[in-house]
Amino acid sequence: MIYTTKTFIASDGERFSQIYEAEEPSFPLFYPTAFIARSIRTCTTHETQKVYLAAIKSVCEWESIRSIDLAMCFQSQKFLSAAQIDDIANYLRASKLGGKGSVISTPKYNTYVAYAATYLRWLAQEVITDANTHEVRDAINAQNSMLLAKKRRKAGSKSARERRVLTIKLCTEANNQLLDLFDQPFDRVQQPQDFGPRLRNVLMLRVLYETGMRLGELLSLKLKNFIEAGGGDSAYLEVERNHGDMLDTRLHQPVAKTLGRRVPISQSLEEQLNFYINSWRADVPKVNFLDESYIFVVHRGGRSQGQALPKTAFATGLTNLKKFFSSLKSVHPHLLRHDWNYRFSKLADSEGMSFEEERTLREQLMGWVPGSSMSTPYNRRHIEEKSHEIGLKIASDTARIKE
């Protein structure tokens, strides 16, 4: 049996997804739909729900391939054997896009195992009428523990991974090429219809470079979120939490994963944004100029012309840039976020910021909650430097004793 996941937009703007049989797409699968609606939807974002459904879809495919109906098995209090647990774990780990024997990444696999285990626990409790008896409860817990035990340990130590994070940045060639493009965004553009999209794409990269914001936050920026300089204050962009935006027509809505915040931008970027909005975006047919209209829109002709730019269109634009400028081959949105943090760390050192000041400013500008674990690797850098300084002083006592 082949299954497919479909996404819809509710009348209030909420996005939701459901699993269907590909050959009979009239009704969604009952139990996965009930599980998401009753247990997951109220406490997670749509993006997280899609990951749950991806794991559940693999479970449903495994059922079909093995001719097993888990709901009926659980109803009869027949639980997964150790061999079946191994089999379903292997199926969750197999890559559906790669060749035979290829597997998904360890973090993704571990997430699938955890989400599949949550669904199977719920399904057993849902279909067994006496699920609260000691025997049944113990059997459900044992099955859940067996599946969770199939999660794989990540290669390398956590400390080593955090150290690598501190050094992730743009290579010199890519950094220089980006800076050149920011100054000359129309470099190598020849066709008149390509000037608008090129300026838009370069501007989006510049926003990512200057602010370190996420791609979903960038694609969600509206005209009202661009605040020009005034009263002695510099221009800034305002990042807002936007889940379930009724005005966003994109089926797969880009969303802000972090907290809302204001991020300052340079005068040069402010001028380029004004130039794009007033001289290029304004000429796009069907484009809107309301405060709630999106800054970055589709320029090419078609049904979506003038509407908010989807992630796929940004990815295509970045791919086209890489064809002209090979030094940008390694550039992707999250690399620019890492590079921003690297440059922030260097600036914090040059400014002599204290540990607390650096952490507080970083968390604010990145949209992380105070004390977030996301800032831990960067915060540890200061601790290591200070401990090295103190350790060196203690070591120097040996020299003084000899003298």
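Heads up: these notes are all about the structure in this document. (Residues numbered from 1 in each chain as written. Predicted model: local features only at pLDDT ≥ 70, side-chain atom pairs only at ≥ 80, totals over all residues. Heavy atoms only, no water.)

## Topic: the overall build of the protein chain
Here comes step 1: Looking only at helices and strands, one finds 15 helices and 5 strands in the protein chain.
Here comes step 2: Within the span of the protein chain, comprising 403 residues, buried residues form 41% of the whole.
Here comes step 3: Long-range contacts, defined here as pairs at least 24 residues apart, represent 62% of the contacts in the protein chain between residues at least 6 apart.
Here comes step 4: Across the protein chain, the mean location of the 55 positive side-chain charges is 5 Å away from that of the 46 negative side-chain charges. (Helix = DSSP H or I, 4+ residues; strand = E, 2+ residues; numbered from the N terminus. Buried < 20%, exposed > 50% of the residue type's maximum accessible area, 1.4 Å probe, protein only. Contact = heavy atoms within 4.5 Å. Lys, Arg positive; Asp, Glu negative; His and termini not counted. Charge placed at Lys NZ, Arg CZ, Asp CG, Glu CD.)

## Here we look at the pattern of salt bridges
Side-chain pairs of opposite charge can arise where the charged atoms are in close proximity.
Here comes step 1: Within this structure, the stated rule accounts for 16 salt bridges.
Here comes step 2: Across the salt bridge formed by Glu 210 and Arg 206, the nearest N and O atoms sit 3.0 Å from each other. Of the two residues, Glu 210 and Arg 206 both sit in helix H9 (residues 195–211), 4 residues apart, roughly one turn of that helix.
Here comes step 3: Here Lys 224 and Glu 240 are joined by a salt bridge, their closest N and O atoms 3.7 Å apart. Of this pair, Lys 224 sits in the loop between helix H10 (215–219) and strand E3 (226–227) while Glu 240 sits in the loop between strand E4 (236–239) and strand E5 (261–264); the two residues are 16 residues apart in sequence, bridging distant segments of the chain.
Here comes step 4: According to the relative accessible area criterion, Glu 240 is partly exposed, its value standing at 33%. (Salt bridge = Lys/Arg side-chain N within 4 Å of Asp/Glu carboxyl O.)

## A word on the nonpolar core
Here comes step 1: Counting residues in each nonpolar core, the largest one holds 44 residues, and the members touching the most others are Met 213, Leu 218, Leu 237 and Phe 296.
Here comes step 2: Elements that contribute at least two residues to this core include exactly helix H8 (172–183), H9, H10, E4, helix H11 (267–279), helix H12 (311–324) and helix H13 (333–351).
Here comes step 3: Here this core takes 8 residues from H9, the largest share from any one element.
Here comes step 4: Residues in contact with Met 213, not counting those within four places in the same chain, are Val 207, Leu 208, Leu 218, Leu 221, Leu 237, Val 239, Arg 261, Val 263 and Arg 337. (Core = buried A, V, L, I, M, F, W, Y, C linked by side-chain atoms within 4.5 Å.)

## Overview of the sheet that holds E5
Here comes step 1: With antiparallel pairing, the 3 strands of this open sheet are ordered in space as E3-E4-E5. The sheet terminates laterally at E3 and E5, the two strands that pair on one side only.
Here comes step 2: The pairing of E4 with E5 spans 4 bridges and is classified as antiparallel. Its bridge partner being in E5, Leu 237 is matched across the sheet by Val 263. (Pairing = 2+ DSSP bridges.)

## Observations concerning the side chain of Glu 363
Here comes step 1: In this structure, Glu 363 sits in helix H14 (residues 355–366).
Here comes step 2: At 4.3 Å, Arg 359 is the nearest oppositely charged side chain to Glu 363, a buried residue that forms no salt bridge.
Here comes step 3: Beyond its immediate stretch of four places on either side in the chain, Glu 363 contacts Trp 368, Val 369, Pro 370, Gly 371, Ser 372 and Ser 375.

## Points about the environment of Lys 108
Here comes step 1: With respect to the element layout, Lys 108 can be found in helix H5 (residues 106–127).
Here comes step 2: Residue Lys 108 is classed as partly exposed on the basis of its relative accessible area of 39%.
Here comes step 3: In the structure, Lys 108 is positioned 57 residues away from Val 51 in sequence and 9.3 Å away in space, judged by C-alpha atoms.

## Concerning the side chain of Gln 305
Here comes step 1: Structurally, the position occupied by Gln 305 is in the loop between H11 and H12.
Here comes step 2: A distance of 2.9 Å separates a polar atom in the side chain of Gln 305 from the backbone oxygen of His 299.
Here comes step 3: Ignoring any residue separated from it by four or fewer positions in sequence, one finds Gln 305 in contact with Val 284, Pro 285, Lys 286, Val 298, His 299 and Arg 300. (Polar contact = N/O pair within 3.5 Å; in protein donor to acceptor, adjacent residues only side chain to side chain.)

## Digging into empty space enclosed by the protein
Here comes step 1: In the structure shown here, the tally under the stated rule is 1 cavity of 30 Å³ or more.
Here comes step 2: Counted as a void, the largest cavity has a volume near 30 Å³.
Here comes step 3: As for the largest cavity, its lining consists of Ala 117, Leu 120, Arg 121, Ile 140, Gln 143, Asn 144 and Leu 147.
Here comes step 4: Residues of the lining of the largest cavity, tallied by class, amount to 4 nonpolar, 2 polar and 1 charged. (1 Å grid on protein atoms, 1.4 Å probe; cavity = no way out; pocket = protein on both sides within 12 Å on 5 of 7 lines; lining within 4 Å. Points joined across faces, edges and corners; volume = space filled by probe spheres on them. Nonpolar A, V, L, I, M, F, W, Y, C, P; charged D, E, K, R; others polar.)

## Section: the packing of H9 against H11
Here comes step 1: Packing of H9 against H11 leaves a shortest axis separation of 11 Å and a crossing angle of 150 degrees. Considered as vectors, H9 and H11 are oriented roughly antiparallel to each other. Considering how the two elements wind past one another, H9 and H11 form a crossing that is left-handed. Counting all contacts with H9, which are made through Gly 196, Leu 199, Arg 200, Leu 203, Arg 206, Val 207 and Glu 210, the residues of H11 involved are Ser 268, Leu 269, Gln 272, Leu 273, Phe 275 and Tyr 276.
Here comes step 2: Here the contact of H9 with H11 is composed, by residue class, of 7 nonpolar, 3 polar and 3 charged. (Axes fitted to C-alpha atoms, helices over the stretch in contact; angles between N-to-C directions. Parallel < 35°, antiparallel > 145°, perpendicular 65-115°, else oblique. Left-handed = near helix turned anticlockwise from the far one by under 90°.)

## Observations regarding the packing of aromatic side chains
Here comes step 1: One pass over the structure, following the stated rule, counts 17 aromatic pairs.
Here comes step 2: Measuring from ring centre to ring centre gives 5.3 Å for Phe 35 and Tyr 119, while their planes differ by 70 degrees; the resulting arrangement is edge-to-face. You can see Phe 35 sitting in helix H1 (residues 30–40) and its partner Tyr 119 sitting in helix H5, a full 84 residues away along the chain. Like Tyr 119, Phe 35 is buried.
Here comes step 3: On the basis of an interplanar angle of 10 degrees and a centroid distance of 5.3 Å, the ring pair of Trp 340 and Phe 344 is categorised as stacked. With a gap of 4 residues between them, Trp 340 and Phe 344 both fall in helix H13, about one helical turn apart. When sorted by exposure, Trp 340 lands in the same class as Phe 344, which is buried. (Phe/Tyr/Trp six-rings, centres within 6.5 Å; stacked < 30°, edge-to-face > 60°.)

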